[in-house]
Amino acid sequence: MTNIPSIELVNVTKTFNEEKVLAVDNISLEIEDGDYVFLLGPTGCGKTTTLRMIAGLEKPTKGKVLIDGKDIEGIPPEDRDMGFIFQHFEIFDHLTVWENVTFGLEMRGYNDEYIIQEAEKALNTVGLSEYSDEYPSIFGNPGMQKLGIARAIATGAKILIMDEPLGSLDPKVSKVFRHELRNLIKDLGLTAIHVTHNQEEAMAIADKIIIMRSGQILQMGTPYELYENPNSIFVANFLGETNFLQGFVLKLLEDSKMNIWIRLGGPKIICNNFNNKFILDDNIIISFRYEDVYLFPVDYDFDHSTYDWSKMQIFKANLEAARFVGATKRFYLMLDCGDRFLSIKPGNFEENFIVGEDIMVGLDIDDIHAFKTPENLLNELSLT
Amino acid sequence: MRETIQKTENREIEKEESLSISLKVEKFFSKPIYRKGLDAITIIFFLLVIIGPIINIFSTIFLNIPAIKNDVFADSLLGNLQWKNILTSLGYSFSVAAIAVGVDIILAFPISIILTRYNFRGKKILDAIVDLPMAVPTSALGFSVLLFWGIFGVEPGFSLIIFGHIVFTFPYIVRNMKIVLEKSNTLYEDAARTLGASGVTVFRTITLPMMKQGIIAGAILAFTRSLGETGATIILSGLVETSPIMIVGFRRQLELPSASFLAGILIIISLALLFSIKILTRKTGFPIKSVWPRIERFFSHKYFRYFRDIMALGVLIFIILVPAFYITAQIIGEDFIGELFLGQDYKWAFLYTSLINSIQIGALAVVINLIFGVPLALIITKRKWGRFVTFLDTILDIPIAMPSAALGFATFLFWGPAGLNIFQSGFSMILFVHIAFTFPYMVRPIIGFLESSNKGVEEAARTLGASNLTVFRRITLPNIKQGIIAGCIMVFTRSLGETGATIVVMGNVRTVPVLIVDWVEANAFPSAVFASVIVIIFSAFLIFALRAVTKKRSD
């Protein structure tokens, strides 16, 4: 295998309405052969436009799109040999299921024998072979999208492009369907790009995730990397359930660590200061996941426990409420300074905390991420 | 899914690639340069056939100012009598149009509600019959109205013109009101009722504002049709001269400067009306703020509703439907065999040739408008040329709004001896005029279908490897097929029924509507009745075909 990426975007910009709307803002990315990559971001972040530029349905205003190292500018979509799967299926409803699946093969001028073989194979793959003579109107949404997938893979295209392919499906159906989709893509050895605004979907089946916002790429990496090391408040907030607290740097410590004070009256805790990014008195935001918050009774004896507490930050908080929501229990906590945060535990978590009383909270240093306080915090914390 | 993936190594088949001829040709001609070429030809055709004559008539007026001044304002014998006559004719035209449209609107409210919100046996048939006068040649309708009101001793003149115009403009208004009523959501009305509004209040505050666009569009369309109508008016006018009749008169007496002057005035008026649609639909408000719940609750009583519905149906039948089709009953009593088939002047031969002419002109207009109409519809819906597309979209409707006699005269000046001198009066000139005034009727329905059709499937087809033209043939065309058929039928119907534009450019050639006018003027009533009934039956067939085509869409 070569080192040339399968799909590469170099400084691509796209504007609409005579440069009034900036949809994609100077992005570059590489997608390796055989990778299943997600473009994830809120509505209007430019992910679909990026996808359409790769497929040739939109022209980049600036920059280059390379496929296997070759610039494909000026090549119309019909000659790019990519499979495209649409959110709203875009099935040809005046053609039968069979005619839909053979459409792309026919356009490539293959002989009849080959067309029949490949179309049958594609219909078998999605389990629709018994419907080949029917019109697509008999299908519900899942059937429509299966047909959409069969139609796209039948041509033998090695790159599969998907724009919210599960977005029109019922949430429960989509949860099952997404694993089938991933298996199919992996079995066929396709390079796939999948656009979605659904974080959970991306986390569940992606090889890599590219997070976009306002036309720019914020971060790319494996689901694990993004979840464990978000590089911005937005990414931390967008993936998973996250607490944010405001504070400032009280003291710089050795080993790239710092002591911070969560507002006046709040607890003082130690967290990482990689590359000594922060200096004394910096205003910062710390984030930690709901599930990373440990809870102990207020009289817990830390000194005589077998666990290594050296990395754990312990402080007191008031338990405002506890809610049982099936698989999980949620604990609503408040600090002395008035800031609130949440802890999430398995539904079978055993405790005898009393609502309204103080409990002890533990946070692992490595679970706490610190960010500079942005000028517009609300904007960073909004999910759009 | 996973289990069903079949390993295919053991049945590997050689894939040969050879595009079929049609795909190759389409791929070749899908290159941008050919598309640009077709766009250019289409736009040139459009501008030349439709806009050329209009621009030309204004330059003619400008160049002939002295002659116009001499003929119209300062004739050596008559002084400015011509100008006074023109003003009188404009007065007649406007009052006829205003009264007819006013009556139509009042009647159209209950009728359009009955036809959309009620369910009863024979609703579809009533709906088709209400539409029918739109398809029948106005000269046949006018003749029928003449015969019907003749029973009650109504002589040709101002009031008879109004009766005639009410008949053929009514469908335009009902049609547009029905469209908005069908589109509007009855849930809003239900919501208003649950909030305590009575029937009349709901209508005034909820239904009426939703119908606004339909009412204004329908009213202006009907107004311009009435303003420009010739065929029925000639038959019903007696000594009264409306403006289109006056143009026909000027043309017959070869008073070309006066004719172009009046045609120019009419064109300006109709353009002003056309552009006022866009402004009016945006700015007009209806009184929804002040509320008179008690009075309206009183009038919401169901007896008032019954009264209203019965009155409306009565007026519809007695003022519109019976006068329009009274002529079909007349055919039994008339001795058309003696006059038409046994007479010395071979009337049946004239009828036969004019029928053939009408059908040929209609068919050719359909073909030519189809060739240029589809590309123009694609340009207006697909090209991203900003203002230019808006401009094309707006001027496309000009021929609908313009009096056809004025458009016909403009075309005569542009292509005829006085202008480019390419065509003489006669068959080809009639064809040219018919192409011009029917063009929007072809393009509009296609645009409608293109706009409502899903663009995603076209993109899907392209990602699957289909070139632009292949996408058009395999995907777009099946989706807009009904729009194209509807356009073809509309063009043919309008061409078949046209009188004014034909009279101005026909020379010695006759079409059926003109023949009916000739025969009525020559008092050859039995033959005129026979010719009218033939075209009425023919048009009825066409309108039922049109409804069958457009109905499928909603299924």
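Source: prediction; values computed, not measured. (Residues numbered from 1 in each chain as written. Chains lettered and ligands numbered in written order. Predicted model: local features only at pLDDT ≥ 70, side-chain atom pairs only at ≥ 80, totals over all residues.)

Peer 1: Honestly, the sheet that holds strand S18 (residues 340-346) of chain A in this entry has me stumped. Any pointers?
Peer 2: One key point about sheets: their strands pair by backbone hydrogen bonds, in either a parallel or an antiparallel sense. All names here are of chain A. Pairing within the open sheet is antiparallel, and its five strands lie in the order S15-S19-S16-S17-S18. Looking at the sheet topology across the chains shown, the edges are occupied by strand S15 (294-296) and S18. On average, each strand axis in the sheet is inclined to that of its neighbour by 45°, with strand direction left out of account. Here strand S16 (residues 312-325) pairs with strand S19 (residues 358-364) via seven bridges, running antiparallel. Bridging across to S19, methionine 312 finds its partner in aspartate 364. (Pairing = 2+ DSSP bridges. Helix = DSSP H or I, 4+ residues; strand = E, 2+ residues; numbered from the N terminus. Axes fitted to C-alpha atoms, helices over the stretch in contact; angles between N-to-C directions.)

Peer 1: Any chance you could explain the pairing of strand S20 (residues 369-372) of chain A here in plain terms?
Peer 2: A regular strand carries its side chains on alternate faces of the sheet. Residue and element names in this part refer to chain A. Only one face of S20 is buried, namely the one carrying His369 and Phe371, since none of Ala370 and Lys372 on the opposite face is buried. Bridging between strand S14 (residues 283-289) and S20 involves four bridges; their strand directions are antiparallel. Looking at the pairing, isoleucine 285 lines up with phenylalanine 371 of S20. (Buried ≥ 20, exposed ≤ 12 C-beta atoms within 10 Å, placed from the backbone.)

Peer 1: What exactly am I supposed to notice about the domain arrangement of chain B here?
Peer 2: A common way to report how large an interface is uses the accessible area buried once the components associate. Residues and elements named next belong to chain B. Split by domain assignment, chain B resolves into domain 1 (22-63 + 336-555) and domain 2 (79-330). Using only C-alpha atoms to locate each centre, domain 1 and domain 2 end up separated by 24 Å. At the level of secondary structure, the elements contributing two or more residues to the side of domain 1 that touches domain 2 comprise helix H2 (32-63), helix H18 (398-401), helix H19 (404-415), helix H22 (468-497), helix H23 (500-505), helix H24 (512-521) and helix H25 (525-554). Among the elements that line the side of domain 1 that touches domain 2, the one with the most residues is H25, at twelve residues. Of the residues in the side of domain 1 that touches domain 2, the class split is 31 nonpolar, eight polar and two charged. (Domains from an automatic or database assignment. Nonpolar A, V, L, I, M, F, W, Y, C, P; charged D, E, K, R; others polar.)

Peer 1: Honestly, the interface of chain B and chain A in this entry has me stumped. Any pointers?
Peer 2: Chain B puts 29 residues into the contact, and the matching count from chain A is 32 residues. Listing elements by their share of the side of chain B that touches chain A, those giving two or more residues are helix H21 (455-463) and H22 of chain B. Take the side of chain B that touches chain A: its biggest share by element is seven residues, from H21(B). Taken together, the residues that form the side of chain B that touches chain A break down as twelve nonpolar, eleven polar and six charged. (Contact = placed C-beta atoms within 7 Å.)

Peer 1: Explain the domain arrangement of chain A here, please?
Peer 2: All names here are of chain A. When its domains are assigned, chain A resolves into domain 1 (7-235) and domain 2 (236-381). Placing the centre of domain 1 and that of domain 2 at their C-alpha centroids yields a distance of 39 Å. On the side of domain 2, twelve residues touch domain 1, which itself brings ten residues to the contact. Looking at the side of domain 1 that touches domain 2, the elements that each hand over two or more residues are helix H6 (199-205), helix H7 (223-228) and helix H8 (233-238). With three residues, the single largest contributor to the side of domain 1 that touches domain 2 is H8. Considering only residue class, the side of domain 1 that touches domain 2 consists of eight nonpolar, two polar and no charged.

Peer 1: Where do I start with the confidence of the model for chain B in this structure?
Peer 2: Low-pLDDT stretches of the model should not have their predicted coordinates read in fine detail. Model confidence for chain B is summarised by a mean pLDDT of 85, while 93% of its residues fall at 70 or above. Note on the complex model: pTM 0.83, ipTM 0.84. (pLDDT = per-residue confidence, 0-100.)

Peer 1: Looking at this model, I keep getting lost on the packing of helix H4 (residues 81-117) of chain B against helix H9 (residues 199-228) of chain B. Mind explaining?
Peer 2: Angle between the axes and distance between the axes are the two parameters that describe a pair of packed helices. Residues and elements named next belong to chain B. The N-to-C vectors of H4 and H9 enclose an angle of 140°; their axes lie 9 Å apart at closest approach. Where H4 crosses over H9, the two elements pack in a sense that is right-handed. Contact residues: Ser93, Val96, Ala97, Ala100, Val101, Asp104 and Ile105 in H4; Ile215, Ala219, Ala222, Phe223, Ser226 and Leu227 in H9. Of the residues belonging to the contact of H4 with H9, the class tally is ten nonpolar, two polar and one charged. (Left-handed = near helix turned anticlockwise from the far one by under 90°.)

Peer 1: So what exactly am I meant to see when it comes to the sheet that holds strand S5 (residues 70-71) of chain A here?
Peer 2: Residue and element names in this part refer to chain A. Here we have four strands laid out as an open sheet, ordered S2-S1-S4-S5, and antiparallel in their pairing. In this open sheet, the two strands that pair with only one neighbour each are strand S2 (21-31) and S5. Two elements, strand S1 (residues 7-16) and S2, share seven bridges in a ladder whose sense is antiparallel. Looking across to S2, one finds that lysine 14 is bridged to valine 24.

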